[in-house]
Amino acid sequence: IEDVFYFPLIWFAHCWNLIKTSLDEITAQDKIPFSTKSLPISSKDDVKRFFFTRAKWNSMEPAIHDWDLVLIKQQNEYNSTDKILLTHNWTPKIKYLKVKNGQYVLFSLNKDIDDFEISSKDEVEIIGVVKLIITNS
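The structure presented is a predicted model; accordingly, all values stated were derived computationally and were not measured. (Residues numbered from 1 in each chain as written. Predicted model: local features only at pLDDT ≥ 70, side-chain atom pairs only at ≥ 80, totals over all residues. Heavy atoms only, no water.)

### Description of the pattern of salt bridges
- Across all of its chains, the model carries 2 salt bridges by this definition.
- The salt bridge partner of Asp46 is Arg49, with a shortest N-O separation of 3.4 Å.
- Given a relative accessible area of 32%, Arg49 falls into the partly exposed group.
- Its salt-bridge partner being Asp46, residue Lys73 comes within 3.4 Å of it at the nearest N-O pair. Here Lys73 is found in strand β4 (residues 69-74), whereas its partner Asp46 is found in the loop between β2 (31-35) and β3 (50-54), with 27 residues between them in sequence. (Salt bridge = Lys/Arg side-chain N within 4 Å of Asp/Glu carboxyl O. Buried < 20%, exposed > 50% of the residue type's maximum accessible area, 1.4 Å probe, protein only. Helix = DSSP H or I, 4+ residues; strand = E, 2+ residues; numbered from the N terminus.)

### Here's the deal with unusual backbone geometry
- Here the bond from Glu61 into Pro62 is cis, since omega is 15°, no more than 30 degrees from zero.
- For Pro62, the position within the fold is in the loop between β3 and β4.
- The phi dihedral of Trp67 is positive, around 80°, even though this residue is not glycine.
- Tracing the chain through its elements places Trp67 in the loop between β3 and β4.
- The exposure class assigned to Trp67 is partly exposed, which follows from its relative accessible area of 39%.

### Digging into the pairing of strand β5 (residues 84-88)
- Extensive coverage of β5 is indicated by the burial of 5 of its 5 residues.
- Along β5, one buried face is formed by Ile84, Leu86 and His88 and the opposite face, lined by Leu85 and Thr87, is buried too.
- Taking the residues that link successive antiparallel strands as the turn, the β5-strand β6 (residues 91-100) hairpin has 2 residues, and the phi of Asn89 there is positive, at about 50°. (Pairing = 2+ DSSP bridges.)

### Overview of the sheet that holds strand β1 (residues 4-10)
- Within the open sheet, the 9 strands sit side by side as β2-β1-β3-β4-β9-β5-β6-β7-β8. Their pairing is mixed. The sheet is open, and its two borders are formed by β2 and β8 (116-117), each paired with just one other strand.
- Sheet topology note: the β1/β2 ladder contains 5 bridges and is antiparallel. The partner of Pro8 across the bridge, within β2, is Lys31.

### As for the nonpolar core
- Ranked by internal contacts, the top residues of the largest apolar core, which has 14 residues, are Phe51, Ile64, Val70, Ile72, Leu85 and Ile94.
- Within the residue set of this core, elements represented by two or more residues are β4, β6, β7 (103-107) and β9 (124-134).
- Beyond its immediate chain neighbours, meaning those up to four positions away, Ile64 contacts Ala55, Val70, Lys83, Ile94 and Ile133.
- The next biggest cluster of nonpolar side chains, apart from the first, holds 9 residues, and it includes Phe7, Ile32, Phe50 and Phe52. (Core = buried A, V, L, I, M, F, W, Y, C linked by side-chain atoms within 4.5 Å. Contact = heavy atoms within 4.5 Å.)

Printed below as a string of C-alpha cells:
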C-alpha cells in the first residue's frame, strides 16, 4: 500500500537519546506501519519528522492513557492548545506547556496531578507535538 510509512517507535524512557542521534537509525523491528492519509504531512521529507512513542503513567488522562501509542511530530514550535513531548531535566514528558503569570508551567489533564512551574535552573527542550493517540484500552 503506497500510503503506509514505517514510523520509528521510540520507547519513552529512552526517547531523548534516540531523538538526539537520528530517527533514521532505528531498526526495522522498532518501526510501526501506519497509513499517512490522515496525518498532517506536507511532503515526503516531512514524514521523517514523525515517530511513535508509548505513554507512561496517567498524567494526561482522559486523553492519553498509560501505554497508549502516541504519534509525535518532531518540531520546536507549538501552540498553547498542543500536547507536547518535552524533556524536563532530561526526563521525557507529555504535557501542556503554558505561560501563567509570566512563568512557564507544565500542565496535566489529570486533575489529581499538580501543575509544575519551571524554574530558570530547569533544563527544558521541546521535542515535538502530539498529532495522534492510539489508545491501548
